[in-house]
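# Results of the structural survey
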Amino acid sequence: MPVVQEMENALVRMLDDLERALQKPPSERRWGMVIDLSKCVACDACTVSCKAENKTPPGVNYTVVLKEEVGTYPNVREVFLPRPCMHCENPPCVDVCPVGATYQTEEGVVVIDYDVCIGCRYCITACPYGARTFDFGEWYTEGTPALASYETAPTFEYGEERVRTDGVSPEGNVRKCHFCLHRLHEGLLPACINDCIGRARYFGDLNDPDSLVSEMLRERYSFRLKEELGTRPKVFYLS
Amino acid sequence: MKTNKGLTLAYWVIVALMLVLGAIGLYWRLTFGHRLANYGQLIVWGLWVAMYIYFIGLSAGAFLISALVYAFGVERFRPIARLALFTALVSLLVALLHIWFDLGHMARFYEVYTRPNFLSMMAWMVWLYTGYFILLLVEFWFETRQDFVRWSKEPGLTGAISRLLTLGSKDLSASSRARDEKVVKVLGTIGVPLAVMFHGGVGALFGVVSARPAWHSGLFPLIFLVSALVSGGGLLTAIYALLAPNRGTAEYQSLVRDLGKLVLGLVLLDALFTFAEYSIALYGSIPGDVAPLLAAMTGPFWYVFWIGQVGLGVVVPVVLLGWNRTNRNPFWVGVAGLSVVFAFVGVRLNIVVPPLSVPELRGLVQAVPSARMTTLYVPGAMEWFLSIGIIGLGMGLYALGYNLLPVKPQAAKEA
């Protein structure tokens, strides 16, 4: 099968999986991500699509691509590791929140209630993956004649329409990847999944044995980051 | 009290300057939020968190020393017991102001009361502080009530404040004093487990974070308790040795000597704990355990560890308090106490910053193109100014209380 067609099929398949999952009660879904490292070229399309989708300010990153050079010249290769939030089954960030502002939804997604978070940043210290960042209230286009529209346009995180304003949440809050819950509930895949140029990222319901992600995890060898900490991430890597 | 007038004036000038800087810092903080802060996405906690655990430590330490007298009846330290209680109150205030300004949403602090998550050590801490704060106020009032009643007759500010603080009480009878002492003993006794819980809890707040190997140690709550006693003991020793009104008396000499011994013992115990923590981790040579320690010992701020923590925190006090040419001289005992008090700022900074400076995943710093994603943290002017202002406020309140409230070190017979 031609590569392009295979990729398209994966996309269609994931959308079908999503639709099926949305017909179940939320507590029966378990969203998860599979990232095929052999396909990642570190183009950062996921990083950028996440920024565009969630309009995150400078320093706030929900997903990034770690790049490392291994070996010495001329025997060198680069390894890439896209890192969204792991949406751990046992998330250490949730336990430490003094006000319960960050919690796991029925669907297993670790979220933050922007209107409750006091901005103490304890959860950032507790995350073993550096997946949480603090909104310091900075702007990309601050100091230019006007803030660019991509910074002032409303966002739809958690299904709430918000226009970022100085001193108002989510400024002063901790922010993180939420698997684009607001898109999922509209039957859309997370932005990073949609925009991955090499189809290295896959998404779906881990509780559904027929979903693409379940199938991939069944058929290929996968690993998770820092397994020894017992966090049980729902982001799986294929090598 | 016969203190040097020039010194008193200098003290108030310094406090005033600190408050001016603090006002600038406060203006920046309230106008620009966290934008002028230099803590970032990797080192998310900075100077203010370090100052918070520093002053909380002073408070817990001072309180536990007061409890030696009020709860355990160690009359030896009676002359400084009230001062210790008062020190605990002011330090707590300074600590809580620091952590309040560190919040992203200061106005939401009440949520820790209205919707606490008791799985979080931080929620526990806030609740325990609240109990501790109330206990301190009540204990202090019962301990000083009769003095307020007596001082009510004084002219001027002292009398006015005392009249206010009697809360209407006029009873000077021996039986009422006996009741007061009973209440103080009960509260002092309840305070001991409370102080152990909240300050051990601050240690646990760090200790439970398994994502940060340098914090994730069972020793952490214990080190916090010992170091609280060291810093609190050092501060009280310095104040008593350098400022006590009965300087020159035999009683003063011998109490200074005993305080020196107490601090020496605590410094050595703390050094032992810290050595255990460092040596075990270094020997194990697991990169994640070693990196934060090396960051403290050999990083850009190596001198905070070697000169501050080891030099001023251990070597100077051990020499001054151990050597019999200096440990009988109240001046040097006081200097040893001050040395410890300053060193512990470094200890606290090294607890907070180096463990956060190690990225959780390799390549994380390079992956995020942001000046805030950096392994180097130097507090910004806003952070320094606001912190200096809060400390200035504490110093001002402390000096006012020292002069207007019945807290001055007393001779044992009076007490």
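That block above? That's the structure.
Described in the following lines is the structure provided in the data block. (Residues numbered from 1 in each chain as written. Chains lettered and ligands numbered in written order. Predicted model: local features only at pLDDT ≥ 70, side-chain atom pairs only at ≥ 80, totals over all residues. Heavy atoms only, no water.)

Next up on the list: the packing of helix H8 (residues 220-243) of chain B against helix H12 (residues 330-356) of chain B. Working note: a packed helix pair is described by the angle between its axes plus the distance between those axes. Residue and element names in this part refer to chain B. The geometry of H8 relative to H12 is characterised by a closest axis approach of 7 Å and an angle of 145° between their N-to-C directions. The interaxial crossing formed by H8 with H12 has left-handed handedness. Residues Phe220, Phe224, Ser227, Ala228, Val230, Ser231, Gly234, Leu235, Thr237, Ala238, Ala241 and Leu242 of H8 pack against Pro330, Phe331, Val333, Gly334, Gly337, Leu338, Val340, Val341, Phe344, Arg348 and Ile351 of H12. In the contact of H8 with H12, the residues fall into 16 nonpolar, 6 polar and 1 charged. (Axes fitted to C-alpha atoms, helices over the stretch in contact; angles between N-to-C directions. Helix = DSSP H or I, 4+ residues; strand = E, 2+ residues; numbered from the N terminus. Left-handed = near helix turned anticlockwise from the far one by under 90°. Contact = heavy atoms within 4.5 Å. Nonpolar A, V, L, I, M, F, W, Y, C, P; charged D, E, K, R; others polar.)

Backbone hydrogen bonds hold the strands of a sheet together, and the pairing may be parallel or antiparallel. All names here are of chain A. Across the sheet, which stays open at both edges, the 4 strands sit in the order E8-E1-E10-E9 with mixed pairing between neighbours. Sheet topology places strand E8 (201-205) and strand E9 (222-223) at the edges, where each strand pairs with a single neighbour. Summarising the sheet, strand E1 (residues 31-36) and strand E10 (residues 235-238) pair through 4 bridges and their orientation is parallel. Among the inter-strand pairings, Ile35 is bridged to a residue of E10, identified as Tyr237. The sheet strands contacting helix H8 (residues 212-219) are E1, E8, E9 and E10, and the helix crosses E8 at an angle near 110°. (Pairing = 2+ DSSP bridges.)

Note: strand E2 (residues 64-72) of chain A against strand E3 (residues 75-83) of chain A, 9 bridges, orientation antiparallel. Each residue of the ladder has a partner; that of Val65 of chain A, found in E3 of chain A, is Pro82 of chain A.

Of the residues lining the interface, 39 residues belong to chain B; the matching set on chain A comes to 50 residues. Here chain B packs against chain A, burying approximately 3,600 Å² in sum over the two surfaces, 54% of which is carbon and sulfur. The three residues of chain B that bury the most area against chain A are Arg35, Gln41 and Leu361 of chain B, which together make up 18% of that side's buried surface. Our enumeration of links across chain B and chain A arrives at 5 salt bridges. For the salt bridge of Glu68 of chain A with Arg362 of chain B, the shortest nitrogen-to-oxygen distance reads 2.8 Å. Our count for the chain B to chain A interface comes out at 28 residue pairs in polar contact (both at pLDDT 80 or more). Elements with a minimum of two residues in the side of chain B that touches chain A: helix H4 (111-114), helix H5 (121-151) and helix H13 (364-367) of chain B. A total of 3 residues in the side of chain B that touches chain A trace back to one element, the largest contributor, which is H5 of chain B. The class makeup of the residues in the side of chain B that touches chain A is 20 nonpolar, 10 polar and 9 charged. (Buried area = accessible area lost by both parts, 1.4 Å probe. Salt bridge = Lys/Arg side-chain N within 4 Å of Asp/Glu carboxyl O. Polar contact = N/O pair within 3.5 Å; in protein donor to acceptor, adjacent residues only side chain to side chain.)

Residues and elements named next belong to chain B. The contact between helix H10 (residues 287-298) and H12 brings their axes to 8 Å, and the two run at 120°. Judged by the angle between their axes, H10 and H12 are oblique. Like other packed secondary-structure pairs, H10 and H12 cross with a definite hand, here right-handed. Here Pro292, Ala295 and Ala296 of H10 lie close against H12, whose contacting residues are Asn350, Pro354 and Pro355. Residues belonging to the contact of H10 with H12 are distributed by class as follows: 5 nonpolar, 1 polar and no charged. (Parallel < 35°, antiparallel > 145°, perpendicular 65-115°, else oblique.)

Ranked by size, the top nonpolar core spans 185 residues in total, and within it Phe179 of chain A together with Trp45, Phe63, Phe206 and Val352 of chain B carry the most contacts. No other element matches helix H2 (residues 47-70) of chain B, which puts 19 residues into this core. Setting aside its immediate chain neighbours within four residues, Phe206 of chain B contacts Trp45, Val49, Ile53, Trp215, His216, Phe220, Phe224 and Val352 of chain B. Grouped together as the second largest cluster of nonpolar side chains are 6 residues, Ala281, Leu293, Ala296 and Met297 of chain B included. (Core = buried A, V, L, I, M, F, W, Y, C linked by side-chain atoms within 4.5 Å. Buried < 20%, exposed > 50% of the residue type's maximum accessible area, 1.4 Å probe, protein only.)

Attention now moves to the side chain of His34 of chain B. Tracing the chain through its elements places His34 of chain B in the loop between helix H1 (5-32) and H2. Its relative accessible area of 4% is what places His34 of chain B among the buried residues. For His34 of chain B, the side chain forms a polar contact with the side chain of Arg29 of chain B, separated by 3.0 Å. Within the structure, the side chain of His34 of chain B is placed 2.8 Å from the side chain of Tyr39 of chain B, a separation counted as a polar contact. Ignoring anything within four residues of it in the chain, the contact list for His34 of chain B reads Arg121, Phe134 and Phe136 of chain A together with Arg29, Tyr39, Phe101, Asp102, Leu103, Gly104 and Arg372 of chain B.

Moving on: the environment of Ser49 of chain A. Residues and elements named next belong to chain A. Mapped onto the elements, Ser49 comes out in helix H2 (residues 45-54). Assessed through its relative accessible area of 7%, Ser49 is described here as buried. Expressed as a C-alpha distance, the spacing of Ser49 and Ala191, which sit 142 residues apart in the sequence, is 5.8 Å. Look past the residues within four positions of Ser49 in its chain and what remains in contact with it is Ala191, Cys192 and Asp195.

Looking now at a nonpolar patch on the surface. On the surface, Trp100, Phe109, Tyr110, Tyr113, Phe118, Trp124 and Trp127 of chain B cluster together into a nonpolar patch covering about 700 Å² of accessible area. When you line up the elements, Trp124 of chain B lands in helix H5. (Patch = residues over 30% accessible without salt bridge, like charges linked within 9 Å, V, L, I, M, F, W, Y side chains within 5 Å. Areas by Shrake-Rupley, 256 points an atom, 1.4 Å probe, with all protein chains shown as cover.)

All names here are of chain B. Counted by the stated rule, this structure contains 34 aromatic pairs over all chains. Ring centres of Tyr54 and Phe55 lie 4.9 Å apart, and the angle between their planes is 85°; this geometry places the pair in the edge-to-face category. Exposure remark for Tyr54: the relative accessible area of 5% places this residue in the buried category. On the numbers, 4.8 Å between centres and 90° between planes, the contact of Phe305 with Trp306 is edge-to-face. Taking the relative accessible area as the measure of exposure, Phe305 reaches 6% and is therefore buried. (Phe/Tyr/Trp six-rings, centres within 6.5 Å; stacked < 30°, edge-to-face > 60°.)

By themselves these figures say nothing about function.
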